[in-house]
Protein chains: 2
Amino acid sequence: MSDLLLRNIRPYAAEACDLLIRGGRIAGIGRFEPEPGMPVEDGGGAIAIPGLIDAHTHLDKTTWGMPWHVNNRRAVLRERIDFERENRTAIGIDPHRQSMRHAIGLAAHGATHIRSHVDIDPTHGLSLVDGVMETREKLAGIIDIEIVAFPQSGVMVMPGTVELLDAALAQGCEVLGGIDPCGIDRDPKGQLDALFALAVKHRKPIDIHLHEAGDLGAFTMELIFERIRANGMQGQVAISHAFALGMNDHLRTGQLIERIAELDIAILTTGAPSATVPSIMRLKQAGVRVGAGCDGIRDTWGPWGQPDMLDRARVVGMKNGLRQDHELEHVLHVVSQGGADVMRLEGYGLRQGDRADLTLLAGETLAHAVVEVAPRPLVVKGGRVTARQGRAVVDMP
Amino acid sequence: MSDLLLRNIRPYAAEACDLLIRGGRIAGIGRFEPEPGMPVEDGGGAIAIPGLIDAHTHLDKTTWGMPWHVNNRRAVLRERIDFERENRTAIGIDPHRQSMRHAIGLAAHGATHIRSHVDIDPTHGLSLVDGVMETREKLAGIIDIEIVAFPQSGVMVMPGTVELLDAALAQGCEVLGGIDPCGIDRDPKGQLDALFALAVKHRKPIDIHLHEAGDLGAFTMELIFERIRANGMQGQVAISHAFALGMNDHLRTGQLIERIAELDIAILTTGAPSATVPSIMRLKQAGVRVGAGCDGIRDTWGPWGQPDMLDRARVVGMKNGLRQDHELEHVLHVVSQGGADVMRLEGYGLRQGDRADLTLLAGETLAHAVVEVAPRPLVVKGGRVTARQGRAVVDMP
């Protein structure tokens, strides 16, 4: 944890000031003269916000930096899952090397925190988690990585998975994942009962992928609500994607959002352009914690995506039809503070005493910075410079 | 029209070869040695495709390169239109300077042709068209600009507009525009009868904005079909946006697409992320001509967009849920050959005899190039280099 004098920055696009950083925390905000031996950086009047947060990604999947992966397969969810599980090793998707590339890319573009789902299945056991954990150790001080033990291939349809999830939580995965209890597992009661039992046993939160759309996804959400109440897990569950909240039924969606707010469920969105997605403005009005993520980037599932949460803010903003400046500011909130709210990060922010995890943004205003998606001039993690002008201080493997 | 030897390029990602260009046309494809006095460029093995085409944009509207335009207004179509008409001059959106910036930006990113709608209304008369025509003259040899006389504020609700459109077509606008005969004009019969009468009088094609969604847009499409038949205008009408084709009724959409194919109507899409959009793969299967465009970029309507048709290909591809390589190749087709098909450009392509309008793309394959959206290494128009590494040879004003 470092000391740093960061001069001439505009916190949240406000008046220019300096940040005095001691021991990796913000010790002062105002005007300061350099002290002997203290590193100094000139922010050039750029906007400063706390570090961007990718709160929903898959570090173990990307082909980033590898030869182009040709995909001429059908876009069927179950087939994508099976293809990846059966071929990822042969394709050469090394979980450590690839998660390094992905995470360093995110850091280069201003992120300081990641929540990554990592596949766990009987074919690979916990080896993919091990690879990402190695990355987490190597990138300590560059970017924080929280790992979700993620049963990508299903829970009930993949015997042995419950035991693997149990072991993964014991070994240090912070969050328990899940996936489409109806669509993938064909047994919603089975998967959800198993997940909540594991979560209670390990006292870990849940973050469940829910691609199920319309009334099917709404049904699964209701099953989740029931189990949160029964287990007293209010405030400890997140639903990723939540495509059902994008269904064309205002009243039904409103009922679901009321329960989501009441049970303090967090929503993670990727702004999936070809799906029905939750309205981030409606969730804001309801007081729901909302974060965002890049999801998988350039993997066997699909080619799109960049390791850049400002690029993702653009995707989320365009998909949500947002145009006004205050709406663009909210998109920026979702890819930063929103992720911190979901992950319940301590000391996240730009107040005195907060951790010195921040990124500078190029732009006249916050709204301008969101649409400009220019290289981040400077990124700081724990008071240490981790990237300049879109390039991380560590090289990609 | 220039001579050029362009060496070591891969047409459509095929085997590397050279292009011999004489008098602005492709004179040979194969292996050639430099001739005395002939300029030579080394393509470095990059992919070559014919120039990108922005077949639906608004050159007269952007605030690109101006101070950030704060937008805290409601996103209501009629209000956006009226705000822009009443404030564009005071804001300083000079149609010539801004269309120069927009068009040069497109050229820098590999475009060689533009179809631009330009606003015509009683407040501004033809002054906005004049500004874009000045840009067209100045950028001759850099990028071709086709102008659509566009009644942005409505036709029947804006008395005097029919006469202005009549004058604009007489003065050199190549295409007649229109907009939401129900939604904006509240008089579909009135607007469409007026437009078709003007088109027949001037023997000009029509390209009509149709934001009307669902059954309303379908109704307007049927009115357009009737008038195409009555006036024998098969093959001479384009529908821009065509949001009704994105409605959630497979059979109804299929009926509309059948008529669109039969009447040889072209469709222009922007892949609008928050709207219902036509499926470009379904239109392809039906044999419909489909082009794409950036639409307005960073204007008083909204902040999004770049003057870059590869960036737009990404928006269209993600919105259409395309993931397979052959699908990505089709997106690239839509932003290049598709636009040429819509505009019926002579000599567009990479065959011997075609015009030497082309762009190089960075990437291993066509699909890779689409998702990479890297700076275009080299852009050539009529045999002359117009941009290198994302920078045009002419400066923005």
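Residues numbered from 1 in each chain as written. Chains lettered and ligands numbered in written order. Predicted model: local features only at pLDDT ≥ 70, side-chain atom pairs only at ≥ 80, totals over all residues. Heavy atoms only, no water.

Regarding the sheet that holds strand E8 (residues 175-179) of chain B
Pairing between the strands of a sheet is mediated by backbone hydrogen bonds and can be parallel or antiparallel. Residue and element names in this part refer to chain B. Operational definition: A pair of strands is labelled paired if DSSP reports no fewer than 2 bridges between them. Helix and strand definitions here come from DSSP, where helices need a minimum of 4 consecutive H or I residues and strands a minimum of 2 consecutive E residues; each element is numbered from the N-terminal end. In this analysis, axes come from line fits to C-alpha atoms, helices being fitted only over the stretch in contact, and the angle between any two N-to-C directions falls in the range 0 to 180 degrees. Here, residues are in contact when the closest pair of their heavy atoms is within 4.5 Å.
Across the sheet, eight strands lie side by side as E5-E6-E7-E8-E9-E10-E11-E12; this open sheet has parallel pairing. The sheet terminates laterally at strand E5 (52-57) and strand E12 (290-292), the two strands that pair on one side only. Each strand axis lies, on average, 25° off the axis of its neighbour in the sheet, ignoring direction. Pairing geometry for strand E6 (residues 111-119) and strand E7 (residues 144-150), over seven bridges, is parallel. Bridge pairing links Ile114 to Ile145 in E7. Where helix H4 (residues 161-170) meets the sheet, it contacts E7 and E8, and its direction lies at approximately 160° from that of E7. Across the face of the sheet, helix H9 (residues 309-319) comes into contact with E5, strand E11 (266-269) and E12 while running at roughly 70° to E5.

So, the pattern of salt bridges
Residue and element names in this part refer to chain A. Heads up, the rule is: By definition, a salt bridge exists where a carboxyl oxygen of Asp or Glu is found within 4 Å of a side-chain nitrogen of Lys or Arg.
Scanning all chains against the criterion turns up 72 salt bridges over all chains. Put simply, Lys189 and Asp193 hold a salt bridge, and the shortest N to O gap is 2.7 Å. Taken together, the positions of Lys189 and Asp193, both in helix H5 (residues 188-202) and four residues apart, correspond to about one turn of that helix.

Notes on the packing of aromatic side chains
Using the following cut-off: Centres within 6.5 Å are what make two rings of Phe, Tyr or Trp a pair, Trp counting through its six-membered ring; a difference in plane orientation under 30 degrees is then read as stacked, over 60 as edge-to-face, and the rest as tilted. A ring is considered to have a charge above it if a Lys NZ or an Arg CZ atom is located within 6 Å of its centre and within 35 degrees of its normal.
Under the criterion given, the structure shown has zero aromatic pairs over all chains. Seen from the ring of B:Phe83, B:Arg73 lies directly overhead, with NZ or CZ sitting 3.5 Å from the centre.

Concerning the UniProt feature "domain: Amidohydrolase" (unreviewed entry) in chain A
Selection criterion: UniProt positions are given in the numbering used here, feature names are shortened, and annotations may be inferred rather than shown by experiment.
What UniProt calls "domain: Amidohydrolase" (unreviewed entry) maps, in this numbering, to residues 42-386 of chain A. The span residues 42-386 of chain A carries 40% helix and 18% strand; its end-to-end C-alpha distance comes to 15 Å.

Some remarks on the domain arrangement of chain A
All names here are of chain A. Condition: Annotation comment: domain bounds sourced from an automatic or database domain assignment. Note on definitions: buried area is the accessible-area loss of two parts on being combined, 1.4 Å probe, summed for both. The term polar contact refers here to a pair of N or O atoms within 3.5 Å; inside protein, the definition further demands a hydrogen-donor-capable atom paired with an acceptor-capable atom, and it admits residues adjacent in sequence only when both atoms are side-chain atoms.
When the domains of chain A are assigned, the result is domain 1 (4-50 + 350-392) and domain 2 (52-343). Centre-to-centre, using C-alpha coordinates, domain 1 lies 29 Å away from domain 2. With 23 residues of domain 1 in contact, the opposing surface of domain 2 contributes 22 residues. Carbon and sulfur atoms supply 68% of the area that domain 1 and domain 2 bury against each other, a total of about 1800 Å² over both sides. Sorting the residues of domain 1 by area buried against domain 2 places Val370, Arg376 and Lys381 first, and these three jointly supply 32% of that buried surface. The interface formed by domain 1 and domain 2 includes two salt bridges. Between Asp144 and Lys381 there is a salt bridge; the shortest N-O distance is 2.8 Å. The interface formed by domain 1 and domain 2 holds six residue pairs in polar contact (both at pLDDT 80 or more) in total.

What about empty space enclosed by the protein?
What counts, and what does not: Cavities and pockets are defined on a 1 Å grid built over the protein atoms alone: a cavity is a set of grid points where a 1.4 Å probe fits but cannot escape, while a pocket is an open set with protein on both sides within 12 Å along at least five of seven lines, and lining residues are those with an atom within 4 Å of any such point. Grid points are joined across faces, edges and corners, and a volume is the space filled by probe spheres set on the points.
Inspection of every chain in the model, using the stated rule, returns four cavities of 30 Å³ or more. Forming the boundary of the largest cavity are A:Pro273, A:Arg314, A:Val315, A:Met318, A:Lys319, B:Pro273, B:Arg314, B:Val315 and B:Met318. Looking at the lining of the largest cavity, the elements that each hand over two or more residues are helix H9 (309-319) of chain A together with H9 of chain B. Considering every element that reaches the lining of the largest cavity, the biggest residue donor is H9(A), with four residues.

Topic: the relation of the copies chain A and chain B
Between the two copies of this chain, the relationship is a rotation about some axis together with a displacement along it. Counted only if it meets this: For this overlay, a least-squares fit was computed on C-alpha atoms, restricted to residues scoring pLDDT of at least 70 in both copies.
Take chain A, turn it by 180°, move it 0.0 Å along the axis, and it overlays chain B with an RMSD of 0.0 Å. Classification of the inter-copy transformation places it as that of a two-fold axis. Proximity to the rotation axis, assessed at the C-alpha, singles out A:Pro273 in chain A; its C-alpha lies 3.0 Å from the axis. When you check the interface residues of chain A against chain B, 100% turn up at the interface there too, and the contact is symmetric in its surfaces.

So, the interface of chain A and chain B
Size of an interface: often given as the accessible area lost when the parts come together. Chain A puts 42 residues into the contact, and the matching count from chain B is 42 residues. When the two sides are added together, the surface that chain A and chain B hide from each other amounts to roughly 3400 Å², 53% of it contributed by carbon and sulfur. Taken as a group, A:Trp68, A:Trp304 and A:Arg323 account for 26% of the area that chain A buries against chain B, more than any other trio of residues on that side. At the boundary of chain A and chain B, one finds four salt bridges. Across the pair B:Arg298 and A:Glu372 runs a salt bridge, and its minimum N-O distance is 2.8 Å.

A look at the layout of surface pockets
Gaps between atoms show up when a probe of the same size as a water molecule is rolled over them. Counted only if it meets this: Throughout this entry, Asp, Glu, Lys and Arg are counted as charged residues, while Ala, Val, Leu, Ile, Met, Phe, Trp, Tyr, Cys and Pro are counted as nonpolar. The remaining residues, Gly among them, count as polar.
Roughly 1300 Å³ of volume is contained in the largest pocket. Surrounding the largest pocket, 43 residues form its lining, A:Thr276, A:Lys319, B:Ala275, B:Thr276 and B:Lys319 being those nearest its centre. For the lining of the largest pocket, the elements supplying multiple residues, two or more each, are helix H7 (250-262) and helix H8 (280-285) of chain A together with helix H7 (250-262) and helix H8 (280-285) of chain B. For the lining of the largest pocket, the class distribution of residues is 20 nonpolar, 17 polar and six charged. A:His109, A:Gln306, A:Asp308, A:Val373 and B:Val373 are, among the 36 residues lining the second largest pocket, the residues nearest its centre. Secondary-structure elements contributing two or more residues to the lining of the second largest pocket are helix H2 (95-108), H9 and strand E16 (391-392) of chain A together with H9 of chain B. Among the elements that line the lining of the second largest pocket, the one with the most residues is H2(A), at three residues. Looking at side-chain class alone, the lining of the second largest pocket contains 14 nonpolar, eight polar and 14 charged residues.

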